[in-house]
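Coordinate inspection notes
Now for the letters of each chain:
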Amino acid sequence: MEKLTFTVPQTGEEETFYIVEETRINGRNYLLVTETEDEDGESEAYILKDMSEDGDAEALYEFVEDDDELDSVSAIFAQLLDDDITLE
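Summary of the structure given here. (Residues numbered from 1 in each chain as written. Predicted model: local features only at pLDDT ≥ 70, side-chain atom pairs only at ≥ 80, totals over all residues. Heavy atoms only, no water.)

1. Looking at the environment of Phe63
Put simply, the rule is: Counting from the N terminus, the helices are DSSP H or I runs at least four residues long and the strands are E runs at least two residues long. Whether a residue is buried, partly exposed or exposed follows from its accessible area with a 1.4 Å probe, protein chains only, as a fraction of its type maximum: under 20%, in between, or over 50%, in that order. Contact criterion: two residues are considered in contact whenever any of their non-hydrogen atoms come within 4.5 Å of each other.
With respect to the helices, strands and loops of the structure, Phe63 is situated in strand S5 (residues 61–63). For Phe63, a relative accessible area of 38% gives the class partly exposed. The sequence separation of Phe63 and Leu31 amounts to 32 residues, and the corresponding C-alpha distance is 9.6 Å. With residues near it in sequence (within four places) discarded, Phe63 still touches Phe17, Tyr46, Ile47 and Leu48.

Here it is in structure tokens:
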């Protein structure tokens, strides 16, 4: 499983997530990630949205917090994974 490490701007701390799946919707990249590498379905999943613009040197990810967007994107990830997932 591919690992993603980024720095939280407010604290300067590093966070590590494992990429479960990725997709592109309406010109934006989305990642389905977990905090653990386990594939047993026990860990919680999160959706990150790439907010960087084309040509930016680094990606800028934000947690998807809008309920409508979260519902839409999680439904797509569920189809891609063909499995039930729990998102927070």
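2. Concerning the sheet that holds strand S2 (residues 14–25)
Put simply, the test is: For two strands to be treated as a pair, DSSP must find no fewer than two bridges joining them. Axis geometry follows a simple rule: fit a line to the C-alpha atoms, using only the stretch in contact for helices, then measure angles between N-to-C directions, giving values from 0 to 180 degrees.
An order of S1-S2-S3-S4-S5 is seen for the 5 strands of this open sheet, with the pairing classed as antiparallel. On the outer flanks of this sheet lie strand S1 (2–7) and S5, each paired with one strand and no other. The average angle at which neighbouring strand axes cross in this sheet is 45°, direction not considered. Pairing analysis gives 5 bridges linking strand S3 (residues 28–34) to strand S4 (residues 45–50), with the strands arranged antiparallel. Following the sheet pairing, Thr34 is matched in S4 by Ala45. Its contacts with the sheet place helix H1 (residues 67–81) against S2, S3 and S4, and it is angled at close to 80° to S2.

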